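Results of the structural survey
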Amino acid sequence: MDTPVIRADALTKRYGPHPALTDATLDIPAGRIVGLVGPNGAGKSTLLALAAGLIRPTSGTIDVLGRRPAADTAQLARVGFVAQDTPVYAQLTVAEHLRLGERLNPAWDRPFAHARIKQIGLDPAKKAGRLSGGQKAQLALTLAAAKRPELLIFDEPVAALDPLARRAFLQNLMEFVAEIDVSVILSSHLISDVERVCDHLVILAESRVQVAGDIDDLTAAHFRVVGPRGTLDTLPAGTDVIATEHTDRQTTLIVHARNGTRPDTLGQTEPVGLEDMVLTYLHRAQGTGAPTLQESTR
Amino acid sequence: MIDFHLEPRSGVAPYMQLVHQVQQALRLGMLAVGDQLPTVKQVVAKIAINPNTVLKAYRELERQGLVAPKPGRGTFVTATLAAGDLDAHAELKTELHRWITRARTAGLDDDAITALFATTIRKT
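Residues numbered from 1 in each chain as written. Chains lettered and ligands numbered in written order. Predicted model: local features only at pLDDT ≥ 70, side-chain atom pairs only at ≥ 80, totals over all residues. Heavy atoms only, no water.

Digging into the sheet that holds strand 1 (residues 6-15) of chain A
Residues and elements named next belong to chain A. Spatially, 2-1-4 is the arrangement adopted by the 3 strands of the open sheet, whose pairing is antiparallel. In the strand order of this sheet, the two ends are held by strand 2 (18-28) and strand 4 (59-64), each with one partner. Strand-to-strand twist of the sheet, defined as the mean angle between neighbouring strand axes without regard to direction, takes the value 25 degrees. Two strands pair when backbone bridges link them, and strand 1 and strand 4 are joined in this way by 5 bridges, in the antiparallel orientation. Bridged to Thr12 within strand 4 is Ser59. (Pairing = 2+ DSSP bridges. Helix = DSSP H or I, 4+ residues; strand = E, 2+ residues; numbered from the N terminus. Axes fitted to C-alpha atoms, helices over the stretch in contact; angles between N-to-C directions.)

Structure representation (structure tokens):
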């Protein structure tokens, strides 16, 4: 379990002149549930497709579970990938999906797959095309998990699901994680879902990794500092300013204390919640400040 | 058995929310010494939460001396936080009810009552 699940070094993917992913350097420990967040077009799907071995980098390297992605059939068997919109074969029944999975995957866990399908309440004789969005997602999850991979990758697994189906999907996924020894990477727009299920975070924006780390470490190292204007100009070493906002009299900073020390000497300091932290990085990458109440107080 | 829930917008880390819920249940006598906490798998299946978060919460409760794991059987409550005996709670609650009614009659809204309580308890 000591091999990192993903190690990327200056990983870059360009489509013609268009950068999809730029200089991504990551070291994600095994056993984590990783949330990949960022706006559309930030490079989330590109990073996941590179990890799954569906596309090759333009430059830089990526290792998944210590080896190049999709290097051979043994490596393919170690990674389960569920693409966006949880694809299933519309013309095949649920039972046929399970048979196909068994044919194609050497380590297929048949009792596990059948028990899951029964628990979810899927009719084995039903064609996948006639399942609801939530049921399709559950089927795709079961197929990916029953091959007993060491890493499961999901591209926006819950984006198209209604709240009930979304919760059911996440419950099922968390049960898998508790039951089998598996790392997970999933991309999502829903920060509340990420906070609920993930313990490691990668924020992507404008094709670059903005910040990455264990969520508890990140939230313990990000603070909002408020003080009279002009008093927050010098910061202790190891403190990065992620955002600055001024009113006539007051300055508000969002800072990342990389050594984890709370910059209490500066001014009124309070922790920043996960959602605000993510939004601050996304705004910074876009080159825009967060919308504030400043306008009305001027 | 205790039933966990998660409040995503509270700003409190998910594992701390679980810790607080166990502490609260112990204070109110809803959990007693010898009671079993739900297994990790039961919690994750119920509230769709990362299993590591549950483990972290249980480790924290263990560190506080409130629970202990029994290998192969689960995690059990080993101490209580109920202050005094629980019979006193009912009486205090009745008095508090009366006091809150008086405060409302005096024109205080709920925020003012909560603030008054919080500042007074800090000074007492």
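Examining the interface of chain B and chain A
If you look at the interface, chain B gives 16 residues, while chain A gives 18 residues. Between chain B and chain A we count 2 salt bridges in total. With a shortest N-O distance of 3.0 Å, A:Glu179 and B:Lys41 are connected by a salt bridge. One can count 9 residue pairs in polar contact (both at pLDDT 80 or more) joining chain B with chain A. Elements with a minimum of two residues in the side of chain B that touches chain A: helix 1 (14-27), helix 2 (40-47) and helix 3 (51-63) of chain B. For the side of chain B that touches chain A, the leading source of residues is helix 2 of chain B, giving 5 residues. Among the residues making up the side of chain B that touches chain A, the classes are represented as 10 nonpolar, 2 polar and 4 charged. (Contact = heavy atoms within 4.5 Å. Salt bridge = Lys/Arg side-chain N within 4 Å of Asp/Glu carboxyl O. Polar contact = N/O pair within 3.5 Å; in protein donor to acceptor, adjacent residues only side chain to side chain. Nonpolar A, V, L, I, M, F, W, Y, C, P; charged D, E, K, R; others polar.)

Some words on a nonpolar patch on the surface
The grouping of A:Tyr89, A:Leu100 and A:Leu104 at the surface amounts to a nonpolar patch, some 320 Å² of accessible area in total. In this fold, A:Leu100 is placed in helix 3 (residues 94-104). (Patch = residues over 30% accessible without salt bridge, like charges linked within 9 Å, V, L, I, M, F, W, Y side chains within 5 Å. Areas by Shrake-Rupley, 256 points an atom, 1.4 Å probe, with all protein chains shown as cover.)

Some details on the UniProt feature "domain: HTH gntR-type" (unreviewed entry) in chain B
Taking the UniProt record as the reference, the feature "domain: HTH gntR-type" (unreviewed entry) is found at residues 12-80 of chain B. Summarising residues 12-80 of chain B: 51% helix, 12% strand, and an end-to-end C-alpha distance of 23 Å. (UniProt positions renumbered as here; feature names shortened; annotations may be inferred.)

Things to note about the domain arrangement of chain A
All names here are of chain A. Once the domains are mapped, chain A shows domain 1 (6-205) and domain 2 (216-297). The C-alpha-based centres of domain 1 and domain 2 are spaced at 34 Å. Tallying the contact residues gives 9 residues for domain 1 and 8 residues for domain 2. In total, domain 1 and domain 2 occlude about 730 Å² of area from one another, counting both sides; carbon and sulfur atoms represent 89% of this. Ranking the residues of domain 1 by area buried against domain 2 places Ile191, Leu201 and Ile203 at the top, with a combined share of 61%. Between the two partners, domain 1 and domain 2, sit 0 salt bridges. Remark: the boundary between domain 1 and domain 2 carries 0 residue pairs in polar contact (both at pLDDT 80 or more). Among the elements that take part in the side of domain 1 that touches domain 2, strand 8 (residues 200-205) stands out by supplying 4 residues, more than any other. Of the residues contributing to the side of domain 1 that touches domain 2, the split by class is 7 nonpolar, 1 polar and 1 charged. (Domains from an automatic or database assignment. Buried area = accessible area lost by both parts, 1.4 Å probe.)

Points about the packing of aromatic side chains
This structure, assessed with the given rule, holds 2 aromatic pairs over all chains. Ring plane angle 40 degrees and centroid distance 5.1 Å describe the contact between A:Phe112 and A:Phe176, whose orientation is recorded as tilted. Of this pair, A:Phe112 sits in helix 4 (residues 110-120) while A:Phe176 sits in helix 6 (residues 163-179), and the two are 64 residues apart along the sequence. Both residues of the pair, A:Phe112 and A:Phe176, belong to the buried class. Taking NZ or CZ as reference, A:Arg148 lies 5.0 Å from the ring centre of A:Phe112, over its face. Sitting over the face of the ring of B:Tyr15, B:Lys56 holds its NZ or CZ atom 4.4 Å from the ring centroid. (Phe/Tyr/Trp six-rings, centres within 6.5 Å; stacked < 30°, edge-to-face > 60°. Buried < 20%, exposed > 50% of the residue type's maximum accessible area, 1.4 Å probe, protein only. Lys NZ or Arg CZ within 6 Å of the ring centre and 35° of its normal.)

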